[in-house]
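Listed below are the residues making up each chain.
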Amino acid sequence: MTHPRQFLLTLLAMLWLAACSSLPSASGPPLAGGRESLQAFLLSGRFSLRFEGRSYVGHLDWRHDGDGDELLLSSPFGQSVAEIVSDASGARLIGSDGSSRTAATADELLQSVLACPLPLSKLLGWLQGGDPNATAITLDALGRPLHLRHEDWRIDYEYDSADPRALPGRLFVERESGFSLRLRIDAWQALPTPESAP
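The shown structure was predicted, so the numbers you read here are calculated from the model rather than taken from an experiment.

Q: Please clarify how the sheet that holds strand β8 (residues 145-150) should be interpreted in this entry.
A: Within a beta sheet, neighbouring strands are joined by backbone hydrogen bonds and run either parallel or antiparallel to one another. Ordered in space as β6-β5-β4-β3-β2-β1-β11-β10-β9-β8-β7, the eleven strands form an open sheet in which the pairing is antiparallel. The open sheet is flanked by β6 (100-103) and β7 (136-139), the only strands paired with a single partner. Along the sheet, successive strands turn relative to each other by an average axial angle of 15°, direction set aside.

Q: What is the right way to look at the pairing of strand β11 (residues 180-190) in this model?
A: Successive residues of a regular strand alternate their side chains across the two faces of the sheet. Bridge count for strand β1 (residues 40-51) against β11 is ten bridges, and the pairing is antiparallel. Across the sheet, the residue bridging to Ser-48 is Arg-182, located in β11. Connecting strand β10 (residues 170-175) to the next strand, β11, in antiparallel fashion are four residues, including Gly-178 with a positive phi near 115°.

Q: Help me understand the pairing of β1, please; the structure alone is not making it clear to me.
A: Of all the twelve residues making up β1, nine are buried; the element is thus mostly covered by neighbouring parts of the structure. As defined by bridge partners, β1 adjoins strand β2 (residues 54-65) across twelve bridges and the pair is classed as antiparallel. Bridge assignment links Leu-43 to a residue of β2, and that residue is Trp-62. The antiparallel hairpin formed by β1 and β2 contains two residues in its connecting segment, where Glu-52 sits at a positive phi of about 50°.

Q: Would you take a moment to explain the packing of aromatic side chains for this structure?
A: Two aromatic rings, taken as a pair, are described by how far apart their centres are and by the angle between their planes. The tally for this structure, following the rule as stated, stands at five aromatic pairs. A ring pair is formed by Phe-41 and Trp-188, whose centres lie 5.6 Å apart and whose planes are at 65°; its orientation type is edge-to-face. Separated by 147 residues along the polypeptide, Phe-41 in strand β1 and Trp-188 in strand β11 bring together distant segments of the chain. Of the two residues examined, Phe-41 and Trp-188, each falls in the buried class. Ring centres 5.9 Å apart and planes at 35° place the aromatic pair Phe-51 and Tyr-56 in the tilted group. On the basis of relative accessibility, which here comes to 4%, the residue Phe-51 falls in the buried class. Joined through ring pairs, the aromatic side chains of Phe-41, Trp-62 and Trp-188 make up one cluster. Directly above the ring of Tyr-159 sits Arg-144, whose terminal nitrogen or CZ lies 4.1 Å from the centroid.

Q: Would you take a moment to explain the nonpolar core for this structure?
A: A general feature of soluble globular proteins is that nonpolar side chains tend to end up buried together. If you look at the biggest cluster of nonpolar residues, it comprises 39 residues, and the most contacted ones within it are Leu-43, Leu-60, Trp-62, Trp-126, Leu-127, Ile-155 and Leu-171. Sequence-distant contacts of Ile-155, that is, excluding residues within four places in its chain, are made with Trp-126, Leu-146, His-147, Leu-148, Leu-171, Phe-172 and Val-173.

Reading the values: the criteria
Residues numbered from 1 in each chain as written. Predicted model: local features only at pLDDT ≥ 70, side-chain atom pairs only at ≥ 80, totals over all residues. Heavy atoms only, no water. Pairing = 2+ DSSP bridges. Helix = DSSP H or I, 4+ residues; strand = E, 2+ residues; numbered from the N terminus. Axes fitted to C-alpha atoms, helices over the stretch in contact; angles between N-to-C directions. Buried < 20%, exposed > 50% of the residue type's maximum accessible area, 1.4 Å probe, protein only. Phe/Tyr/Trp six-rings, centres within 6.5 Å; stacked < 30°, edge-to-face > 60°. Lys NZ or Arg CZ within 6 Å of the ring centre and 35° of its normal. Core = buried A, V, L, I, M, F, W, Y, C linked by side-chain atoms within 4.5 Å. Contact = heavy atoms within 4.5 Å.

Take a look at the structure:
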């Protein structure tokens, strides 16, 4: 039986290239409605993840709708590596070989399988720039989140548009323990919510 941590490390090893200092730039229009419209969305982007002396790069497709999240991790060349599906009933990680692991939440799943402190439950709030537990937040000249601190986490933002409602094009997440995530968001798409349905 494969050790849980080894299971996901094997999956992530398929993404391993080298330490990535930056990701290519791509521009796109701000999502209509700005940060307030993030109740349900599709996000497509590229990531660089660094921890414990290892670096991984890949592609991320994220669908968020209410209590449900679907995250598809792919190699830089588009090959599916793993999928994480979570809702109020729990979370499940499915590998490209069909094997799976489960946990009560996506956060617990990543922590138990990878010992990786990536808080997906907080990532939505960070993308919105509205973490109620933030100890400090700095806004840019347009009133958008620029720097945010939460406990030992530091989140920095960059934008591709001068629109005050623009969503971030880049998110940089670091922790004092050495964890680092760079997320380059290529596209946002709002999904209809029950309140917006005709």
